[in-house]
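If you want the building blocks of each chain, they are given just below.
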Amino acid sequence: MAVIRDVMPSFDLLQPNSADEARNILAQRGSDAWVLAGGLDSFDWLKDRIKRPKVVVDLSGVDELRGIRVKSDGVEIGAMTTLTEVAQNPVIRENYGVLADAASMVASPQIRNQGTIGGNLSQDTRCWYYRAGWPCYRAGGNICYADTPEGRNREHAILGADRCVAVNPSDTAPAFIVLDAKFVIRSRKDERVIDAEDYFIGPDVDITRLHVLQPGELFTAVRIPFTWASSRFYFEKIRDRNVWDFPLLNVASAMFVSNGRIDRVRIAVNAAAARPLRLKSVERAVRGMPPDAATGEMAGKRAVQGAVPLQFNAYKIPLMRNLVKRAIGGVEEAKWA
Amino acid sequence: MAEDNQADSSASFRVIGTRPIRHDGIDKVTGRAKYGADYSFPGMLHGKVLRSPHAHARIKSINTAKAASLPGVAAVITGADLPTIASRTENLGEGVVNSRYISLNVLARDKVLYDGHAIAAVAASNIHIADEALKLIEVDYEVLPSAMTVDAAMKPAAPIILEELRNKEEGPDKETNVANHIRFTRGELAEGFATADFVVEQAFTTAMVHQGYIEPHNAVGIYSNNGFATIYCSTQGTFAVRSLTSQVLQIPEGQIKVVPAEIGGGFGGKLGIYLEPLAVLLSKKTGRPVKMVMTRAEVLRATGPTSGSKIRCKMGATRDGKLVAAEIWMAYEAGAFPGSPVGAGAMTIIASYQIPNFVIDAYDVIVNRPKTAAYRAPGASNAAFASETVIDALAGLCRIDPIDFRIMNAVREGSAQSAGPPFKRIGYFETLEAIKNSAHNKSKLEGLFRGRGVASGFWFNAGLQSSAVVNLHVDGTASVMTGSVDIGGSRASMAIITAEVLGIDVTTVRPLVGDTDSIGHTDVTGGSRTTLASGQAVYEAAHDVLRQLKERAARLWEKKPDEIKFADGVFSSADEKISPLSVKQLCRQLAKTGGPVTGKATINARNAAPAFACTMVDVEVDPDTGKVRVLRCTIAQDAGRAIHPSYVEGQMQGGTAQGIGWALNEEYVYDRDGRLRNTGLLDYRMPTCLDLPLIETVIVEVPNPAHPLGIRGVGEVSIVPPPAAVANAIYNAIGVRMTELPMSPPRLLKAILKRRHAEAEMTNAAAD
Ligand SMILES: Cc1cc2nc3c(=O)[nH]c(=O)nc-3n(C[C@H](O)[C@H](O)[C@H](O)COP(=O)(O)OP(=O)(O)OC[C@H]3O[C@@H](n4cnc5c(N)ncnc54)[C@H](O)[C@@H]3O)c2cc1C
């Protein structure tokens, strides 16, 4: 957690009116610049004086980055669209319930009113050592404080750790992955469109970032194809408190069932690793099976294969197993009491 | 029963028992009320505190030169600027305090004893410069091994936290972390257990938790050249701040004035001092007012939470449900200085039951954590989590309804207290009956993984000293001043009592909270004492006014004072030729009959009476995730007499909400080397409104026979039952006994899996 909670040190504040202008500024100022969306993550870093950019580029005046548009091949959500707008949008609720559910379970109403989709997907980890400004691997040092005998790590990774054991805390990320969304990223030179899944990276790829966004790049929109629209969705988030709390773990899934068998399926979890994990081996294993309790059990077991607990987060393994079980098999009334 | 008592009270009172809008309400909801941080003065400087990053370290040197020379910095102080003082203990109303330790806590001297321990303070022209200056203070530490838990601190080779600490048992030569061992016994333990058909023994662990008041600690200190100091601050006790600051700074009490700001919550956490002496000292050094306000991280790291604890509780009962013996071992984390509420824990843990044989061993243990402060019925919630869980298990073994089991064993008038004289008239039985008869208990709880639990709580309540003045105005309105800071709506109660006695409209009474120069000594707003003790002072001060008014009427009518009758706000005489006068009319005659009328009273109340509460909780447990949802909650509590029922209910609900947070989510998370990890409210998880059901309340009124209005005090006991009630409900939902707080999803899931594992092994064993 935070250390100082002070007023921010000074920086140049630039407030572009258009995406082009924003992109130009970013291209020029490169790694000196910090993109400011809703500010919920940004201001923590700035006030704690842990990140000290020279320039802050505030996107709140860029209208074209805002809003939800229905296109012929899907729906496009501007990066600056708030979580509340996403959660409440009728088209999204109708077609992509898993996303509406995920967005509506983020943090608290106030934070959802202010937090943006681009920001939610690009937010940094909540690891309390890293956020307290300790010189860990992720901050450029050569130790992971959470993974020492002294460390406290109940909210850290059970999968995919590599030196750093921090997790990605986004609730909407796994929903976008199961919807096969594409993220639109603009740089000085070009516009890239990448699969949601590929946006996120683990410490094995880059230990200092949770995603592929490079300094100088702008996240402009999310495009969701109709591929998974109105499929059978499941989203569940487990948190200590019922509101205003990050996930201990979450799961999102989408499936089409025909003749009582799982036809096509996608499933992803977050807060288990440094990036949201699409569980491809589970997807393969359950295809062709009935979406019932037995398949759910099998899926849950398969999901946690290779999971490695730290000192205080062993609970995440059964938790993940059970969330995947429910996502695939449905919430059966358990036979145990 | 409860209804009967309530009917009684409304019949005999005109204003008491009604629910007028609180007098301070509009200013509070419109932002006009002034809280501590709202005070500003011309030329004011801003102060900040440098805090230890280590749990335990020797301070080899402190160099403040660079900080002092930063432009904008006006003064830097360290522990060397505070006088050294000898041990001296004083009772503040919620436990004994030692001014030497308070001084060492205000600024560390040779050693820092916990993460967040204050080391130095800076005054600068703004807080940012002050913050920058803190970074320029160079401290050379020799980091020492720390002891974070009672287990670690009680080990033979534990690091010694306070070299000077001794206890009677271990003698004058033995360095120790055990500040005190208390023992209470009755009967013969072995004989008692020999008669038991069922014995339950369990070990419990509870986490250190914070009171979680919204407003952080703050103080403005103004030191004047004439040697007088004024302190504006948010506190539960202006006179306590005065006395403690006087001791720490060695300034005579009469030269310190403490002005209470509105208080944004305290719950026991604002009985002591942290910033006050620093603000005064910095003001003395700079000649300017100095304001200091903590951040949330400072509040969590360095102000008093309440103890985490370890409790082993063994109890026996006969088959027909009679408790026969109890053996209890309990150790509480005091923080870095002696004074956990383990004594109160020991005195409350089985106080509600008639148990002929028991031994209670209680240990006050210092650890490298912030010095604990009072928190609503300090020590009792930890204790009840243990005893009320074991009692629930015994009721189950006896196959007796848990409420009936408690009724069968409940203390009543004349029962011996486990520690103290026999009980006078108490309302435990009535409280249990009220829960038994509640709509909640009569409702059916259906559905999978749902369970209902009950638990009870006991708290002594305090009396102590209070002063009150009632001023009558020419227009027949009145003001009533006490020295009691208003945390829970006490202004409304003071106005109600004044209006009741004087027969005037409650909205025409203006309740005030005086500073230390404007009102006589008044002890802290704590110990559930304010409406009882300050309320009684107000009651007597209003009667003083009434007596004087009768004299005035007598003078006016040329009668003797005892010939004057007073009823419903009207003075009259048996003489029919004299037309009666209302208070308002008589007020116009005051100048003529001798001048203004002011009533006053001071008391040292010795009539505090215990409070009991019983709480019923329905939960739903998700066995796949360990998540607990509280579906319904009802609390019955004996208030003695509810002066303003809404604020009684507010106290019942507030304490229950905090108790549920304590039960489910709240905990200090320290690294193994003693650094606090969760220093903000995002991951120090207090409950939000979505974590709580509507908390239903049943006010029980068994009047305190020793109090003129029957008041007992209602502020604290409501926090005692929830942890055990939730744990008992979880057990009834899924058959898992939780013995560790908080019962967060990770912990509960672990316990569920452990239980499943054990079951699977038993099945396997059976199959073999
Ligand atoms: C108390 C609290 C609780 C929270 N709880 C949850 C929760 O339960 N679940 C959850 O999922 N999230 C949670 N969050 C995160 C929150 O929902 C926001 O999504 C998140 O903080 C960032 O969104 P923002 O719009 O405020 O972005 P900012 O904080 O402004 O930005 C976040 C990061 O993304 C970058 N960025 C943002 N937009 C762009 C863009 N268009 N192009 C390039 N880079 C960009 C910024 O540079 C910055 O690095 C919580 C946050 C807080 C403060």
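None of these values were measured; they are calculated from a predicted model.

### Things to note about the overall build of chain A
Looking only at helices and strands, one finds 13 helices and 12 strands in chain A. In terms of overall size, chain A behaves like a compact globule, its C-alpha atoms giving a radius of gyration of 20 Å where 337 residues would be expected to give roughly 20 Å. For chain A, buried positions account for 53% of its 337 residues. If you take every contact in chain A between residues at least 6 apart in sequence, the share linking residues at least 24 apart comes to 66%.

### Some details on the overall build of chain B
When you go through chain B residue by residue, the secondary structure sums to 21 helices and 28 strands. In terms of C-alpha radius of gyration, chain B reaches 27 Å, essentially the compact-globule figure of 27 Å for 768 residues. With the principal axes as the frame, chain B shows a C-alpha extent of 105 × 70 × 50 Å. For chain B, the residues scored as buried account for 59% of the 768 residues in total. Within chain B, contacts between residues at least 6 apart in sequence are counted, and of these 81% link residues at least 24 apart.

### Overview of the sheet that holds strand E16 (residues 323–335) of chain B
All names here are of chain B. Strand order in the open sheet formed by five strands is E9-E17-E16-E15-E10, and the pairing between neighbours is mixed. Looking at strand neighbours, the two that pair on one side only are strand E9 (178–186) and strand E10 (198–206), the edges of this open sheet. Each strand of the sheet is rotated relative to its neighbour by a mean of 10°, with strand direction disregarded. Across eight bridges, the pairing between E9 and strand E17 (residues 357–366) is antiparallel. Looking across to E17, one finds that Thr185 is bridged to Val359.

### Notes on the environment of Ile127 of chain B
Residue and element names in this part refer to chain B. Along the chain, the position of Ile127 falls in helix H5 (residues 127–136). According to the C-beta neighbour criterion, Ile127 is partly exposed, with 19 such atoms within 10 Å. C-alpha of Ile127 to C-alpha of Ile222: the two residues are 95 residues apart in sequence and 18 Å apart in space.

### Topic: the domain arrangement of chain B
Accessible area lost upon the coming together of the parts is a frequently used measure of interface size. All names here are of chain B. Assigned domains within chain B: domain 1 (427–456 + 609–756) and domain 2 (464–605). Taking only C-alpha atoms, the centre of domain 1 and the centre of domain 2 are 39 Å apart. Domain 1 puts 15 residues into the contact, and the matching count from domain 2 is 13 residues. With three residues, the single largest contributor to the side of domain 1 that touches domain 2 is helix H19 (residues 645–664).

### Overview of the site of the ligand
Around the ligand there are 31 residues in total, and Gly38, Asp41, Ala107, Gly119 and Asn120 of chain A lie nearest to it. Of the chains in the model, those with residues near the ligand are chains A and B. Among the elements of the structure, strand E2 (33–36), helix H7 (117–122) and strand E8 (218–225) of chain A are those that each provide at least two residues to the shell around the ligand. Counting residues per element, the shell around the ligand draws most heavily on H7 of chain A, at four residues.

### Focus on the environment of Ala373 of chain B
Residues and elements named next belong to chain B. Looking at the element boundaries, Ala373 is found in the loop between E17 and helix H12 (380–398). Exposure remark for Ala373: the 27 C-beta atoms within 10 Å place this residue in the buried category. The spacing of Ala373 and Leu271 is 102 residues in sequence and 7.7 Å in space, taken between C-alpha atoms. Setting aside residues no more than four positions away along its own chain, Ala373 makes contact with Gly268, Gly269, Leu271, Gly272, Thr303 and Gly304.

### Some words on the interface of chain B and chain A
With 33 residues of chain B at the interface, the matching set in chain A holds 29 residues. Breaking the side of chain B that touches chain A down by element, the ones donating at least two residues are H5 and helix H21 (745–767) of chain B. Here the side of chain B that touches chain A gets six residues from one element, more than from any other, and that element is H21 of chain B.

### Description of the sheet that holds strand E9 (residues 232–238) of chain A
To summarise the sheet geometry, strands pair through backbone hydrogen bonds and adopt either a parallel or an antiparallel arrangement. Residue and element names in this part refer to chain A. The antiparallel open sheet is built from four strands, whose spatial order is E9-E10-E11-E12. The open sheet has two free edges, formed respectively by E9 and strand E12 (277–278), since each of these has just one partner strand. In terms of strand pairing, E9 meets strand E10 (residues 249–258) through seven bridges, oriented antiparallel. When the sheet's bridge partners are listed, Phe235 is paired in E10 with Ala252. Packing against the sheet, helix H5 (residues 97–104) makes contact with E9 and E10, and its axis sits at approximately 15° to E9.

### Structural notes on the packing of helix H4 (residues 99–106) of chain B against helix H8 (residues 238–249) of chain B
All names here are of chain B. Following both chains from N to C, one finds H4 and H8 inclined at 80°, their axes separated by 9 Å at the closest point. Looking at the two axes, H4 sits roughly perpendicular to H8. Residue-level inspection shows Ser99, Ile102, Ser103 and Val106 of H4 in contact with H8, the latter providing Leu244, Gln247 and Val248. Its residues placed into classes, the contact of H4 with H8 shows four nonpolar, three polar and no charged.

### Some points on the confidence of the model for chain B
Low-pLDDT portions of the prediction should not be read for the details of their coordinates. Residues and elements named next belong to chain B. Averaged over chain B, the pLDDT score is 95; the fraction of residues at 70 or greater is 97%. Below a pLDDT of 50 lies the segment residues 1–11, which in the model reaches 18 contacts outside its immediate sequence neighbourhood of four places, other chains included. The complex prediction reports pTM at 0.96, with the ipTM value standing at 0.95.

### Side note on H8 of chain B
Residue and element names in this part refer to chain B. Helix length check: H8, at 12 residues, gives a terminal C-alpha distance of 16 Å against a target of 16 Å (1.5 Å per residue), a fit within 8%. The element H8 is extensively covered by neighbouring structure, given that 11 of its 12 residues are classed as buried. Among all positions of H8, only Thr238, Phe239, Ala240, Val241, Arg242, Ser243, Leu244, Thr245, Gln247, Val248 and Leu249 are buried. Note on H8: the residue one or two positions beyond its end, Gln250, has a positive phi of about 55°.

### Quick notes on the pairing of strand E11 (residues 261–270) of chain A
All names here are of chain A. For E11, the tally of buried residues reaches seven of 10 residues, placing the bulk of the element in the interior. In this structure, E10 lies alongside E11, joined through nine bridges in antiparallel fashion. In the sheet register, Phe256 faces E11, and the bridge partner there is Arg264. Relative to E12, E11 is paired through two bridges, and the arrangement is antiparallel. Looking at the pairing, Ala268 lines up with Arg278 of E12. Taken together, E11 and the strand that follows it, E12, pair antiparallel across an intervening segment of six residues, in which Ala271 is found at a positive phi of about 70°.

Cut-offs used in this document
- Residues numbered from 1 in each chain as written.
- Chains lettered and ligands numbered in written order.
- Predicted model: local features only at pLDDT ≥ 70, side-chain atom pairs only at ≥ 80, totals over all residues.
- Helix = DSSP H or I, 4+ residues; strand = E, 2+ residues; numbered from the N terminus.
- Rg over C-alpha atoms; globule rule 2.2 N^0.38 Å.
- Buried ≥ 20, exposed ≤ 12 C-beta atoms within 10 Å, placed from the backbone.
- Contact = placed C-beta atoms within 7 Å.
- Pairing = 2+ DSSP bridges.
- Axes fitted to C-alpha atoms, helices over the stretch in contact; angles between N-to-C directions.
- Domains from an automatic or database assignment.
- Near = placed C-beta within 6 Å.
- Parallel < 35°, antiparallel > 145°, perpendicular 65-115°, else oblique.
- Nonpolar A, V, L, I, M, F, W, Y, C, P; charged D, E, K, R; others polar.
- pLDDT = per-residue confidence, 0-100.
- Expected span 1.5 Å × (residues − 1).

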